[in-house]
Amino acid sequence: MPKPDLAIIVAMDRHRLIGTHGRLPWHRPADLKLFRHLTEQHTVIMGRKTFESLDAPLVNRHNLVLSRTLSACEGVTVCRNLPEALVTAWRIGEPVFFIGGRTVYQKALDIVETLHVSWIEGDFSGDRYFPDIDFTDWLIMEERDDEGFRYVRYLKK
Ligand SMILES: NC(=O)c1ccc[n+]([C@@H]2O[C@H](COP(=O)([O-])OP(=O)(O)OC[C@H]3O[C@@H](n4cnc5c(N)ncnc54)[C@H](OP(=O)(O)O)[C@@H]3O)[C@@H](O)[C@H]2O)c1
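Residues numbered from 1 in each chain as written. Predicted model: local features only at pLDDT ≥ 70, side-chain atom pairs only at ≥ 80, totals over all residues. Heavy atoms only, no water.

A. Spatial organisation of the domain arrangement of the protein chain. Domain boundaries assigned for the protein chain yield domain 1 (1-42 + 111-157) and domain 2 (45-93). Taking the mean C-alpha position of each, domain 1 and domain 2 sit 19 Å from one another. Taken residue by residue, the interface counts twelve residues in domain 1 and ten residues in domain 2. The contact between domain 1 and domain 2 buries some 820 Å² in all, and 53% of this surface belongs to carbon and sulfur atoms. Among the residues domain 1 hides against domain 2, the three largest losses belong to Arg 23, Glu 40 and His 42. Together they make up 35% of the total. (Domains from an automatic or database assignment. Contact = heavy atoms within 4.5 Å. Buried area = accessible area lost by both parts, 1.4 Å probe.)

Have a look at this one:
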């Protein structure tokens with residue numbers, strides 16, 4: 001049976017910082033554009049706090065929100081645990097992107113094959129970090145510079 005197409009997509013700085021006070025620590029329109037380009041028409045799985053950081057569900061995507069506390073919510077499918085989210089995602093169709101935050105990335109790291117990382121340039125402060133990761137376990141498949149960040153696509157060895 002072919003492996004499901006599961007990926008993480010994240011923007012982080014060189015210290016693995018991803019968030020501050022429930023928001024992104026930086027303003028990088030080109031990275032948001034890349035995020036939209038890679039995830040549109042696909043399924044995204046996010047934690048409840050990341051969902052609450054958005055103005056609305058992400059358009060042109062199936063939005064799955066992991067939460068044990070959130071009630072049903074228009075425009076998203078609430079999933080009570082990761083297996084439920086995966087079954088729901090596979091019913092909708094692959095590929096599936098885990099889009100954060102930290103708690104979701106922590107679980108997803110064990111099961112994804114692909115990492116899309118935007119390495120954000122600059123110095124920031126914040127309170128949420130991507131989990132510790134050994135990049136020697138990952139092959140670089142693609143990399144390029146963009147406005148204010150470097151995009152790298154990794155494949156698990
Ligand atoms: N730089 C980036 O690429 C990026 C991407 C996404 C988010 N962020 C940032 O990250 C921060 C938010 O991340 P966070 O780690 O604080 O929160 P989060 O992962 O977005 O949300 C955590 C919540 O998700 C639910 N959850 C997580 N795993 C679950 C599971 N296995 N089963 C059921 N529910 C689960 C729980 O909700 P309940 O408490 O309701 O049960 C948990 O409290 C913000 O600052 C955001 O801007 C950055």
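B. Examining the packing of aromatic side chains more closely. Considering all chains together, one arrives at four aromatic pairs under this definition. Both rings, one in Trp 26 and one in Phe 124, keep their centres 5.2 Å apart while their planes meet at 70 degrees; by these two values the pair is edge-to-face. Here Trp 26 is found in the loop between β2 (17-19) and α1 (29-39), whereas its partner Phe 124 is found in the loop between β7 (114-120) and β8 (128-129), with 98 residues between them in sequence. For Trp 26, a relative accessible area of 8% corresponds to the buried category. You can call Phe 124 partly exposed: its relative accessible area is 26%. (Phe/Tyr/Trp six-rings, centres within 6.5 Å; stacked < 30°, edge-to-face > 60°. Helix = DSSP H or I, 4+ residues; strand = E, 2+ residues; numbered from the N terminus. Buried < 20%, exposed > 50% of the residue type's maximum accessible area, 1.4 Å probe, protein only.)

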